[in-house]
Amino acid sequence: MPYRSGRQGRPCAGGSEALDRHILATATRLFIEHGYSATSVEHIAEQAGTGKNSIYRRHTTKEKLFEAVVTNLCTPLVEAASRFEKDLSNPLAALKESCRTLLTFVLMPESVAVYRLMTAEARRFPDLVERVQRKATEPYVASIRRLLETARQNRQIRPDCDVENTERAIMGLITGWAVDQAMLGLEGLRAEKERETFFENAWRIFISGVSPA
């Protein structure tokens, strides 16, 4: 849908923010529909009803725009993780809620679509996909590792648990099978009750492996 600011010239602060969101939403849709390589900045500008210069002022290259799309998608997850970190009186409980939020996030249709896009483009643009994924997900991963470290210091998990490998293990346990199902378009865990049952079982398995003797 073409963007209409209602005034000529550069938009005011509020209008600029609205245009930012509109450009990202349009770019997200087109990248998902056509892939990274087949989507041009010109096409995004045309579909967004704005000029290429408006996009390039915000994102200097198509790579930067794609990076912004993925980062924007992950922002709610990162913000949720930050909220859980505010109360560290029980880091293991905070970790559980952060992981529960992760499972819900990775199964959102838009998350699945973008992950499928990145998987498809990884062979042609390995450096881009690796860099974008790292930048978008690194803040969340760092939050999980801080919670694990705090839980280890509080003796909620075994002192010999390596934080980095433990983070990787729990991410795989919580999201691995679920994401595989979603990527293949299978039913998987679409129902909230099924997701909750799966999550609680996965969490119990995780706890049984890291709990102090």
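An account of the accompanying structure is given in this report. From a predicted model like this one, the values you see are computed outputs, not experimental measurements. (Residues numbered from 1 in each chain as written. Predicted model: local features only at pLDDT ≥ 70, side-chain atom pairs only at ≥ 80, totals over all residues. Heavy atoms only, no water.)

**Overview of the overall build of the protein**
- Summing up its helical and strand segments, the protein has 9 helices and 0 strands in all.
- By principal-axis analysis of the C-alpha atoms, the protein measures approximately 65 × 35 × 35 Å.
- The burial tally for the protein puts 41% of its 213 residues in the buried class.
- Surface accessibility of the protein: about 11,900 Å² in total, with carbon and sulfur atoms responsible for 52%.
- Counting 30 positive and 27 negative side-chain charges, the protein places the centres of these two groups 4 Å from one another. (Helix = DSSP H or I, 4+ residues; strand = E, 2+ residues; numbered from the N terminus. Buried < 20%, exposed > 50% of the residue type's maximum accessible area, 1.4 Å probe, protein only. Areas by Shrake-Rupley, 256 points an atom, 1.4 Å probe, with all protein chains shown as cover. Lys, Arg positive; Asp, Glu negative; His and termini not counted. Charge placed at Lys NZ, Arg CZ, Asp CG, Glu CD.)

**Description of the layout of surface pockets**
- Put simply, the largest pocket is a space of about 680 Å³.
- Leu 102, Val 106, Tyr 115, Gln 133 and Thr 137 are the residues nearest the centre of the largest pocket, which is lined by 26 residues in total.
- Elements supplying a minimum of two residues to the lining of the largest pocket: helix H4 (62–85), helix H5 (91–106), helix H6 (109–121), helix H7 (126–153) and helix H8 (163–183).
- Per-element accounting of the lining of the largest pocket gives the leading share, 8 residues, to H8. (1 Å grid on protein atoms, 1.4 Å probe; cavity = no way out; pocket = protein on both sides within 12 Å on 5 of 7 lines; lining within 4 Å. Points joined across faces, edges and corners; volume = space filled by probe spheres on them.)

**Re the packing of H5 against H7**
- Relative to each other, H5 and H7 sit at 155°, their axes nearing to 8 Å. On the basis of the axis angle, H5 is roughly antiparallel to H7. Pair H5 / H7 crosses with left-handed handedness. Residues Pro 91, Leu 92, Ala 94, Leu 95, Ser 98, Cys 99 and Leu 102 of H5 form the contact with H7, whose own contacting residues are Tyr 140, Ile 144, Leu 147, Leu 148, Thr 150 and Ala 151.
- Among the residues making up the contact of H5 with H7, the classes are represented as 11 nonpolar, 2 polar and no charged. (Axes fitted to C-alpha atoms, helices over the stretch in contact; angles between N-to-C directions. Parallel < 35°, antiparallel > 145°, perpendicular 65-115°, else oblique. Left-handed = near helix turned anticlockwise from the far one by under 90°. Contact = heavy atoms within 4.5 Å. Nonpolar A, V, L, I, M, F, W, Y, C, P; charged D, E, K, R; others polar.)

**A few points about the side chain of Glu 67**
- Relative to the elements of secondary structure, Glu 67 occurs in helix H4.
- Not counting chain neighbours up to four residues away, the residues in contact with Glu 67 comprise Arg 131, Val 132 and Lys 135.

**Regarding the environment of Asn 154**
- Among the structural elements, Asn 154 can be located in the loop between H7 and H8.
- Sequence-wise, Asn 154 and Thr 137 are 17 residues apart; in three dimensions their C-alpha atoms are separated by 26 Å.

**Some thoughts on the environment of Lys 135**
- With respect to the secondary-structure elements, Lys 135 resides in helix H7.
- On a C-alpha basis, the gap between Lys 135 and Ala 68 in space is 9.8 Å, while along the polypeptide they are 67 residues apart.

**Considerations on H5**
- Look at H5: 22 Å from first C-alpha to last across 16 residues, which is about the 22 Å you get at 1.5 Å a residue.
- Taken as a whole, H5 has its buried residues at Pro 91, Leu 92, Ala 94, Leu 95, Lys 96, Ser 98, Cys 99, Arg 100, Leu 102, Leu 103, Phe 105 and Val 106.
- Buried-residue contacts for H5 involve H4, H6, H7, H8 and helix H9 (192–210). (Expected span 1.5 Å × (residues − 1).)

**What to know about H6**
- Between its first and last C-alpha, H6 extends 18 Å over 13 residues, near the 18 Å set by a 1.5 Å rise per residue.
- Within H6 the residues assigned to the buried category are Ser 111, Val 112, Ala 113, Val 114, Leu 117, Met 118 and Glu 121.

**Overview of the packing of aromatic side chains**
- The final tally for this structure, using the stated rule, is 7 aromatic pairs.
- Consider the rings of Phe 199 and Trp 203, whose centres lie 6.2 Å apart with planes at 20°: the pair is stacked. Of this pair, Phe 199 and Trp 203 are both found in helix H9, 4 residues apart, which corresponds to roughly one turn of the helix. For the pair shown, Phe 199 and Trp 203 are each scored as buried.
- Three or more aromatic residues joined by ring pairs form one cluster here, namely Phe 31, Tyr 36, Phe 66 and Phe 125.
- For the cation-ring pair, Lys 62 lies above Tyr 36, with the distance from its terminal atom to the ring centre recorded as 4.3 Å. (Phe/Tyr/Trp six-rings, centres within 6.5 Å; stacked < 30°, edge-to-face > 60°. Lys NZ or Arg CZ within 6 Å of the ring centre and 35° of its normal.)

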